[in-house]
Amino acid sequence: MEGNPLVTIILTSFNQKLFVNDALESVRTQNYPNIELIIVDNGSSDTSPLIIQEWIAKYKLEFPVKTIFRKESLPYCKSFNDAFSMAKGKYLIDLSGDDMLTSDHIRLAVNKLQDFLGSACCFSDVFLIDEKGKRRTFYRRNFRGKLKQKIRVGDIYRDLVKKHIVSSSSLVFDADLLRKDGGYDEDLSYEDFDIMVRLARKYPFVFSNHIGVNKRIHSKSFAASQYTPRNSVMLPSTLKVCQKIKAMNRSPKENEALLQRVMYETKHALWSSNFDVAEGFLALAEELKVSGKTFMWYKKWCQKRWDFSTIYAVLKKISPQ
């Protein structure tokens, strides 16, 4: 469709019966005229597959829909890449089955990407919604909704390495550039940190000043397991990404940014009593020429394996940030 390039949405659901219909509806009500939807149920044991099937049957949809219903779950990155191989769109959205796109998100993001050809992706602001329904924006805004902070665009590699500055749920990718870079790394348990730094190393990012996604924050989400006490599935992948970043870095300032990230992850690995992966972060910090009392304290903490994970879990409930 001339002027409105095809956008592929890959919607992945896993035991999200309470949310998946809302995610599907957010696709159906987009005000962008040229989309295709690939729905992946990644081995749900609840009624999510039935809800998806009933939703497809209910509407005479004006866009093509492909479905993958898995009997057994695949690792997320593998599952996504398999669906991605079916995608025909110029642009691509990775939508979780518990999130919702706002109706203007695709139109506004595509307009921005069309204005800045060669960008890896467009990101936007996001509403974060907790289990009580309370919501806040990812970026700081005043009571009128105006941004209260400067958003970095273009070459944001070092900023992404240093800290969490982009909500990955808002990303609209240039599908060809994502494909060229190999898609998601199937050796990792999660995708967003890795794919953002890999793309940002080579290509600019653009920002559209709108709320693009309503993202649910709840205890059963995969992201909530990042610092699971004693047995985090995600932290070993975070360590692998940090090691990859070290190999990609080109300057002392980039190594400083990585060290800041590594020390942050070390702190949380220790608090959550993931001591084996904490050792890996500490070794990487030494490679980055760390110094100071904080590092020495972390090293002793790791050696002694003091377990404060129960206290940490309580603190995370009080203040998730």
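Residues numbered from 1 in each chain as written. Predicted model: local features only at pLDDT ≥ 70, side-chain atom pairs only at ≥ 80, totals over all residues. Heavy atoms only, no water.

Draft legend 1. How the structure looks around empty space enclosed by the protein. Applying the stated criterion to the full structure yields one cavity of 30 Å³ or more. Roughly 30 Å³ of volume is contained in the largest cavity. Contributing to the lining of the largest cavity are Tyr 91, Leu 113, Phe 116, Leu 117, Gly 118, Ser 119 and Asp 174. (1 Å grid on protein atoms, 1.4 Å probe; cavity = no way out; pocket = protein on both sides within 12 Å on 5 of 7 lines; lining within 4 Å. Points joined across faces, edges and corners; volume = space filled by probe spheres on them.)

Draft legend 2. Summary view of the layout of surface pockets. A volume near 180 Å³ is recorded for the second largest pocket. As for the second largest pocket, its lining consists of 13 residues, and the residues nearest its centre are Arg 28, Gln 30, Tyr 32, Glu 62 and Phe 63. Class assignment of the residues belonging to the lining of the second largest pocket gives a composition of seven nonpolar, three polar and three charged. (Nonpolar A, V, L, I, M, F, W, Y, C, P; charged D, E, K, R; others polar.)

Draft legend 3. Layout of the packing of aromatic side chains. This structure, assessed with the given rule, holds 14 aromatic pairs. Relative to Phe 308, the ring of Trp 271 has its centre 5.9 Å away and its plane inclined at 50°; by these criteria the two rings are tilted. Placement of Trp 271 in helix H9 (residues 252–271) and of Phe 308 in the loop between helix H11 (293–304) and helix H12 (309–318) is noted, with a sequence separation of 37 residues between them. Given the relative accessible area of 27%, Trp 271 is considered partly exposed. Using a relative accessible area of 31% as the deciding quantity, one classes Phe 308 as partly exposed. An aromatic cluster of at least three residues, connected via ring pairs, comprises Trp 271, Trp 297, Tyr 298, Trp 301, Trp 306, Phe 308 and Tyr 312. (Phe/Tyr/Trp six-rings, centres within 6.5 Å; stacked < 30°, edge-to-face > 60°. Helix = DSSP H or I, 4+ residues; strand = E, 2+ residues; numbered from the N terminus. Buried < 20%, exposed > 50% of the residue type's maximum accessible area, 1.4 Å probe, protein only.)

Draft legend 4. Inspection of the pattern of salt bridges at higher detail. On inspection of all chains with the given rule, the structure shows 21 salt bridges. With its nearest N and O atoms 3.4 Å apart, the salt bridge here joins Arg 107 to Asp 104. (Salt bridge = Lys/Arg side-chain N within 4 Å of Asp/Glu carboxyl O.)

Draft legend 5. Representation of the side chain of Asn 81 within the structure. Along the polypeptide, Asn 81 turns up in helix H3 (residues 76–84). With near-sequence residues (within four places) excluded, Asn 81 lies in contact with Gly 182, Gly 183, Tyr 184 and Glu 186. (Contact = heavy atoms within 4.5 Å.)

Draft legend 6. Main features of the environment of Arg 107. With respect to the helices and strands, the residue Arg 107 is situated in helix H4 (residues 105–115). Using a relative accessible area of 31% as the deciding quantity, one classes Arg 107 as partly exposed. Measuring from C-alpha to C-alpha, the distance between Arg 107 and Arg 305 comes to 51 Å, with 198 residues separating the pair along the chain. Excluding anything up to four places from it in sequence, Arg 107 contacts Asn 31 and Tyr 32.

Draft legend 7. Just the pairing of strand S1 (residues 7–13), in detail. Across the seven residues of S1, seven count as buried, placing the element largely inside the fold. For S1 and strand S2 (residues 35–41), the ladder comprises seven bridges, and the chain directions are parallel. Following the sheet pairing, Ile 9 is matched in S2 by Leu 37. Handedness of the crossover is the feature at issue here: the chain leaves S1, passes through helix H1 (residues 20–28), returns alongside S2, and the resulting connection is right-handed. For S1 and strand S4 (residues 91–96), the ladder comprises six bridges, and the chain directions are parallel. Bridging from a neighbouring strand, Thr 8 pairs with Leu 92 of S4. (Pairing = 2+ DSSP bridges. Right-handed = clockwise from strand over helix to strand, strands pointing away.)

Draft legend 8. Spatial organisation of helix H2 (residues 48–58). All of the buried residues along H2 are Ser 48, Pro 49, Ile 51, Ile 52 and Trp 55. With its buried residues spanning 165° around the axis, H2 presents them on a single face. Projecting away from the buried face of H2 at angles above 90 degrees are the exposed residues Ala 57 and Lys 58. Looking at the packing, one finds that the buried side of H2 touches S1, H1, S2 and strand S3 (65–69). (Arc of directions from axis to C-beta.)

Draft legend 9. Spotlight on the packing of H9 against H11. At a minimum axis distance of 11 Å, the contact between H9 and H11 shows a crossing angle of 30°. Considering the angle they form, H9 stands roughly parallel to H11. At the point where H9 passes H11, the crossing takes the left-handed sense. Between H9 and H11, the residues in contact are Met 263, Thr 266, Lys 267, Leu 270 and Trp 271 and Thr 294, Phe 295, Tyr 298, Trp 301 and Cys 302, respectively. Broken down by class, the residue content of the contact of H9 with H11 amounts to seven nonpolar, two polar and one charged. (Axes fitted to C-alpha atoms, helices over the stretch in contact; angles between N-to-C directions. Parallel < 35°, antiparallel > 145°, perpendicular 65-115°, else oblique. Left-handed = near helix turned anticlockwise from the far one by under 90°.)

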